[in-house]
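# Descriptive structure summary
Chain residues, written in single-letter form:
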Amino acid sequence: IATSGGVVKFRDGEFYILTDTAKFSLNIFTASKGLRSNKIRSITSDQYGNIWVVVQDQGIHVKPQGEDKFWYYSLPLLTLNRSKVIRFFPPDYLLVGTDFGLFVIKTGGNLDPGDDRIYPPLLVRDTVVSISTTDSFALISTPSNIYGWTPDSTWIFNPPLNYGRF
C-alpha cells in the first residue's frame, strides 16, 4: 500500500478476524529501508515479485523480490523524478505517468536501469492522472482524454457516455 508514511506490505499468510480486531503481519518500508522520502505517489509490482514505487519528487524506486530494502532506480531523465503514476505491463514495460505525458520504459526484464529503453510521450502528452492495465492493454487517463496503449500502438479511447463527453 502506498502511503505518505512509506510502503506497507502485508506478508503472505492467513488473515484472522477476531470479533472487532484483525490480526495480520506486515512490513513497513520507509527512508530507513532505502526510500529517498516516505511520500509514495504510486505502487505496482511486476511478474517477478519486485515492487516498484514512485516517491514524490524523488523518482522511481524498486524493492527486488527477496530483499528487504528499496533502492533508487537511477534513470537519465530528470522529468522522471517528478513521476506521478507507475504501472507494470508484461512482459517488461513500466508505464510512467508525469505532468508531461506518458513515458514508457522497456526494462529488458531485469533491474539494471543502464540497459533500459525510454520512450518519451508521443500521443499522451498531457498530465497523466491514472493508469489501469488488463492482460492485453492499458488505459491512461488525462484531464481531457482516455487513451488505450499496447506495446504496438496508442489510441484515443472514446467510451460511450450517458451524458456529454469526457
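Note that this is a predicted model, so its numbers are computed, not measured.

Cut-offs used in this document
- Residues numbered from 1 in each chain as written.
- Predicted model: local features only at pLDDT ≥ 70, side-chain atom pairs only at ≥ 80, totals over all residues.
- Heavy atoms only, no water.
- Helix = DSSP H or I, 4+ residues; strand = E, 2+ residues; numbered from the N terminus.
- Buried < 20%, exposed > 50% of the residue type's maximum accessible area, 1.4 Å probe, protein only.
- Contact = heavy atoms within 4.5 Å.
- Areas by Shrake-Rupley, 256 points an atom, 1.4 Å probe, with all protein chains shown as cover.
- Salt bridge = Lys/Arg side-chain N within 4 Å of Asp/Glu carboxyl O.

Counting its regular elements, the chain contains 0 helices and 17 strands. By the burial criterion, 38% of the 166 residues in the chain qualify as buried. Taking contacts inside the chain between residues at least 6 apart in sequence as the whole, the part at least 24 apart equals 39%. By element, 51% of the accessible surface of the chain is carried by carbon and sulfur atoms, the whole surface being about 9600 Å².

Moving on, we get to the pattern of salt bridges. Working definition: two side chains of opposite charge can pair if their charged atoms are close together. Applying the stated criterion to the full structure yields 4 salt bridges. Here lysine 33 and aspartate 68 are joined by a salt bridge, their closest N and O atoms 3.7 Å apart. One end of the pair, lysine 33, is in the loop between β5 (26-29) and β6 (40-45); the other, aspartate 68, is in the loop between β8 (59-63) and β9 (71-72), and 35 residues separate them in sequence. Overall, lysine 33 belongs to the partly exposed group, its relative accessible area being 27%. A salt bridge links lysine 106 to aspartate 92, with the shortest nitrogen-to-oxygen separation between them at 2.9 Å. One end of the pair, lysine 106, is in strand β12 (residues 101-106); the other, aspartate 92, is in the loop between β10 (85-89) and β11 (93-98), with 14 residues separating them in the sequence.

These figures come from the coordinates and say nothing about function on their own.
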